[in-house]
Amino acid sequence: MSLVVSPSMVQRWTRLSRRAAAAVVIVLLGLAVLPGVLGAGAIDRLAALFVYVIMAAMWNALAGYGGLVSVGQQMFFGLGAYFTVRLAETGLDPFVAMGMASLLVAVVSYPLSLVMLRLKGGEFAIGMWVVSALTHLMVNLDGLIQGETGRSLISLNAYAPGARRDIIYWLALVAMTGLLGGLFALLRNRTGASIQAIRDNEEAAGSLGIDVTRTKRLIFVLAAFGIGVAGALWLASATTFQPKTYFSVQWTAYMIFMVLVGGIGRFEGAILGAVIFFLIETWFGALGVWYLIGLGVVALLFSLFMPLGLWGAIETRFGVSLMPVGYRLEIPPQSRKD
Amino acid sequence: MTKKEKPNGLTRRELLATAGAATAAMTMGIRPAFATDTLKVGFISPRTGPLAGFGETDGYVLEVVRKALANGIDIAGKTYAVEILDQDTQSDPSRAGQLAKDLINNQAIDLMLVVSTPETINPVADACEAAGVPCLSTVMPWEAWYFGRGAKPGEPSPFKWTYHFGFGVGEFHKTYVSQWKLIETNRKVGVMYPNDADGNAIRANLAPLLQKDGFTIVDPGAYETGTTDFSSQIALFKQEGVEIINTFPIPPDFATFWRQAAQQGLHRQVKIVQVAKTGLFPSGVEALGNLGIKLGSAAYWHKAFPYKSSVAGVSGTELADGYEAASGKQWTQQLGATLSLFDAGFDALKKTPDPKSKEAVAKSLSTLNTVTIAGKVDFTSGPVPNVSPGPIIGTQWVKAAEGAKFPLDYVVTENATDPNVPVGATLLSYNG
């Protein structure tokens, strides 16, 4: 590397991003003690926000970094919930069942990746949707689920309402922190560089000696696991499992919205997008059809006029990066003249 | 708002002073006196989206109930003001659950009322059970409510806070046998049960009962909702020579199925077409055109029910006429069903010494035995705790008399599940 002789510097952490990292730690600690401060309604809603952040970050990892655009991620959301119901039915503690169900989703996604990753672009996107619809039908055939009748996770009722709400909140917080932290670490190391190289040009990455299939599989399984966690958490908070609700394509539509608006391929973008979606849902959700039309229009406008999303625009304009997953070139003022 | 402040509105200073006082009062645990005297009742139903047919009349029923309760209710010697917080699920089960949590957590409701379809009721009932808030519901088969939410046959009820009244498989059985014996047929029944909540419950529980009563069941198997080609089922029904059709489809599926059946001539051989879940409301039947005339149906309420609303004091006919006058639309069976939920809910509140105690309200629900505009609600003698089965009355859609306001008339043809309801017409053969 010519790092030593050049007057310019390659940086990862800037002063801003160091401060941001410190702020993240403080915010997370603050969030952890919130159940003692806030009322039941706010805690419940915040847990939903954490689930949205997980979903956005996972879809972003898949599409923004892995270049794998899928419209079938609701399959893992549904399976996370379904496996939880199934495992809890055997007498397992519901919270333990949630963890095992998420792992099971990751296990299931591995053989699926062997087939699905052979498909490219649009084929992969639609292929995932087809498999998702198929999975939904197979879950419907389960005698326990009884078609669309579904099954509720009533073993959760063994926990007192307050304790139950707080546990779900903390689980969601831990899951979000763990998944985002894991993704951040992954994107910063060697694999992260491979992932982004594959997104930019698959053939070129392959010719540089990157194991394309292995890297893609890793991100596919990670995204499946994360969304499985989201499904299990959503079920814990809603109790009711009706297959139609969980295997609905609307979940993937929400993920796409959050990532498009926040900033595709930007680590901070997915989080920002999830917060924006959460606020829009809170304020305008009661408008019904117009709310959904509004979501569609906003996503459309963003993809037309701000394809990098909000965070992408902020990043290009101000050159800031709070969660640095890449490298940045810092050029001292005097060398800019030549 | 950019408008200038109205002279009689609050000034900024007044607003700040009020807000400050209110905050101070809240932090010191002082509540304004009126707060403790208000009963808050949550009401969740599908008013828009695919299930909007169910919620169409709810606005009118709410108006009637609010008017009747405008001066509050007297409970155990004390007068309470009543606030009904109504919410629309937009036919989305996720939203139903979230609305329920919002009403429970942020509005501190004392009782939840929820009506129409498993997609609406189950998520709300689960949220109430989770939070320990009493909840009463009606209008869905009780089996899907009880077993679909995780209760197991033969085991004690896992539910402490949630109660449901209304029809189940047993009532459908009685009604169908009574209705189908009204006409001479070969007793061969072609059934179209989808792979969903109602379809599976009906296939597992109703079909064997019908067989015991001497009906031959011709079942081509469960179909998925949204199927667009029913030729194989139609061919089987024609080959077997069925004279009765029984189906539990969603409206678009029935329209597809029955149009194809008509094209292939099945409609000429059948004498009874008994539909459930579809054909509940006049608008849906009118949309089928001539094929909708003489469809057999079953009603969880009819304006001929001889009861009065305990909350609003109106009879069935008064309720139906009031709705027609106010909206210009034909009455539907949902009017009485929704009002019966308010009847039963407020009766439970009235029968408790302390309606602000959730424990007391739940206890009152568990021993509730009352008569609503839709008939008896009795939780002391149900098939399982938490459930009170209700009537489902055999009916038929017929062409209205000349000069009537609306093209179709909905007549009662049998009353096996509630003999107090007067039978108004004889069942007509579909192909007759």
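Residues numbered from 1 in each chain as written. Chains lettered and ligands numbered in written order. Predicted model: local features only at pLDDT ≥ 70, side-chain atom pairs only at ≥ 80, totals over all residues. Heavy atoms only, no water.

**Student:** What is the right way to look at the overall build of chain A in this model?
**Tutor:** Helix and strand content of chain A: 14 helices and 4 strands. The dimensions of chain A, computed from C-alpha atoms along their principal axes, are 70 × 50 × 40 Å. As displayed, chain A offers around 15300 Å² of accessible surface, 70% of which is attributable to carbon and sulfur atoms. Across chain A, the centroid of the 23 positively charged side chains sits 7 Å from that of the 16 negatively charged ones. (Helix = DSSP H or I, 4+ residues; strand = E, 2+ residues; numbered from the N terminus. Areas by Shrake-Rupley, 256 points an atom, 1.4 Å probe, with all protein chains shown as cover. Lys, Arg positive; Asp, Glu negative; His and termini not counted. Charge placed at Lys NZ, Arg CZ, Asp CG, Glu CD.)

**Student:** Could you clarify how one ought to interpret the side chain of Gln-274 of chain B in this entry?
**Tutor:** Residue and element names in this part refer to chain B. Relative to the helices and strands, Gln-274 is located in strand β10 (residues 272-275). Within the local environment of Gln-274, its side chain forms a polar contact with the side chain of Trp-180, the two groups lying 3.2 Å apart. The residues touching Gln-274, leaving out its near neighbours within four places in the chain, are Tyr-176, Gln-179, Trp-180, Ile-245, Asn-246, Thr-247, Gly-296, Ser-297 and Ala-298. (Polar contact = N/O pair within 3.5 Å; in protein donor to acceptor, adjacent residues only side chain to side chain. Contact = heavy atoms within 4.5 Å.)

**Student:** Would you mind showing me how to read the packing of aromatic side chains here?
**Tutor:** Residue and element names in this part refer to chain B. Here the structure, examined in full by the defined rule, presents 42 aromatic pairs over all chains. Ring centres 6.2 Å apart and planes at 45° place the aromatic pair Trp-142 and Phe-147 in the tilted group. Accessibility expressed as a relative area gives 10% for Trp-142, which makes it buried. Plain terms: the ring middles of Trp-301 and Trp-331 are 5.9 Å apart, the flat faces sit at 90° to each other, and that makes the pair edge-to-face. (Phe/Tyr/Trp six-rings, centres within 6.5 Å; stacked < 30°, edge-to-face > 60°. Buried < 20%, exposed > 50% of the residue type's maximum accessible area, 1.4 Å probe, protein only.)

**Student:** Where do I start with the pairing of strand β9 (residues 244-247) of chain B in this structure?
**Tutor:** In the case of a regular strand, side chains alternate between the two sheet surfaces. Residues and elements named next belong to chain B. Of the two faces of β9, both are covered, the one formed by Ile-244 and Asn-246 as well as the one formed by Ile-245 and Thr-247. Here 4 bridges tie strand β7 (residues 188-192) to β9, and the two strands are oriented parallel to one another. Looking at the pairing, Val-189 lines up with Ile-244 of β9. Each parallel crossover has a hand, and the one from β9 via helix α11 (residues 251-263) to β10 is right-handed. (Pairing = 2+ DSSP bridges. Right-handed = clockwise from strand over helix to strand, strands pointing away.)

**Student:** When you look at the UniProt feature "domain: Leucine-binding protein" (unreviewed entry) in chain B in this model, what are you seeing that I'm missing?
**Tutor:** With numbering matched to this structure, UniProt assigns "domain: Leucine-binding protein" (unreviewed entry) to residues 38-380 of chain B. Secondary structure across residues 38-380 of chain B comprises 41% helix and 19% strand; the distance between its end C-alpha atoms is 29 Å. (UniProt positions renumbered as here; feature names shortened; annotations may be inferred.)

**Student:** Even after reading the chapter, I still don't get the domain arrangement of chain B, so can you show me in this structure?
**Tutor:** When the parts come together, some accessible area is lost, and that loss is often what is quoted as the size of the interface. All names here are of chain B. Split into domains, chain B comes out as domain 1 (37-168 + 304-389) and domain 2 (170-302 + 392-412). Here the C-alpha centre of domain 2 lies 29 Å away from the C-alpha centre of domain 1. Contacts between the two partners involve 27 residues from domain 1 and, on the opposite side, 21 residues from domain 2. Summed over both partners, the interface of domain 1 with domain 2 buries about 2200 Å², with 67% contributed by carbon and sulfur atoms. When the buried area of domain 1 at its contact with domain 2 is split by residue, Phe-167, Gln-330 and Gln-333 rank highest and sum to 34% of it. Applying the counting criterion to the domain 1 and domain 2 interface returns 1 salt bridge. With its nearest N and O atoms 3.7 Å apart, the salt bridge here joins Glu-324 to Lys-405. Summed over the shared surface of domain 1 and domain 2, the number is 11 residue pairs in polar contact (both at pLDDT 80 or more). No other element matches the 4 residues that helix α14 (residues 334-350) contributes to the side of domain 1 that touches domain 2. Here the residues of the side of domain 1 that touches domain 2 sort into 15 nonpolar, 9 polar and 3 charged. (Domains from an automatic or database assignment. Buried area = accessible area lost by both parts, 1.4 Å probe. Salt bridge = Lys/Arg side-chain N within 4 Å of Asp/Glu carboxyl O. Nonpolar A, V, L, I, M, F, W, Y, C, P; charged D, E, K, R; others polar.)

**Student:** Would you take a moment to explain the UniProt feature "transmembrane region" (unreviewed entry) in chain A for this structure?
**Tutor:** All names here are of chain A. What UniProt calls "transmembrane region" (unreviewed entry) maps, in this numbering, to residues 20-42, 49-75, 95-117, 124-147, 167-187, 218-236, 256-280 and 289-314. Regarding residues 20-42, the helix share stands at 74% and the strand share at 0%, and the terminal C-alpha atoms are separated by 25 Å. Along residues 218-236 the backbone is 100% helical and 0% strand, and the end-to-end C-alpha distance reaches 27 Å.

**Student:** I tried to follow the state of the cysteines on my own but got confused; where do I start?
**Tutor:** One covalent bond between the sulfur atoms of two cysteine residues makes up a disulfide. All chains considered together, the criterion is met by 0 disulfides over all chains. Looking at the unpaired Cys-128 of chain B, the closest cysteine sulfur is the one in Cys-135 of chain B, lying at 4.0 Å. (Disulfide = S-S within 2.5 Å.)

**Student:** I'm lost on the packing of helix α1 (residues 15-33) of chain A against helix α6 (residues 161-188) of chain A in this one. Help?
**Tutor:** For any two helices packed against each other, the geometry comes down to the angle between their axes and how far apart the axes lie. All names here are of chain A. Where α1 contacts α6, the two axes come as close as 10 Å, and the packing angle between them is 165°. As summarised for this structure, α1 and α6 are arranged roughly antiparallel, according to the angle between their axes. Where α1 crosses over α6, the handedness of that crossing is left-handed. Within the contact between the two elements, α1 uses Leu-28, Leu-31 and Ala-32 and α6 uses Tyr-169, Trp-170, Leu-173, Met-176 and Thr-177. A breakdown of the residues in the contact of α1 with α6 according to their chemical character gives 7 nonpolar, 1 polar and no charged. (Axes fitted to C-alpha atoms, helices over the stretch in contact; angles between N-to-C directions. Parallel < 35°, antiparallel > 145°, perpendicular 65-115°, else oblique. Left-handed = near helix turned anticlockwise from the far one by under 90°.)

**Student:** Got a minute to help me understand unusual backbone geometry in this structure?
**Tutor:** Leaving glycine aside, a negative phi is the common case for residues, and trans is the common case for peptide bonds. All names here are of chain B. Residue Arg-187 is not a glycine yet carries a positive backbone phi of 65°. With respect to the helices, strands and loops of the structure, Arg-187 is situated in the loop between α8 (169-180) and β7. Even without being glycine, Asn-386 reaches a positive phi, approximately 75°. With respect to the helices and strands, Asn-386 occurs in the loop between β13 (375-378) and β14 (387-389).

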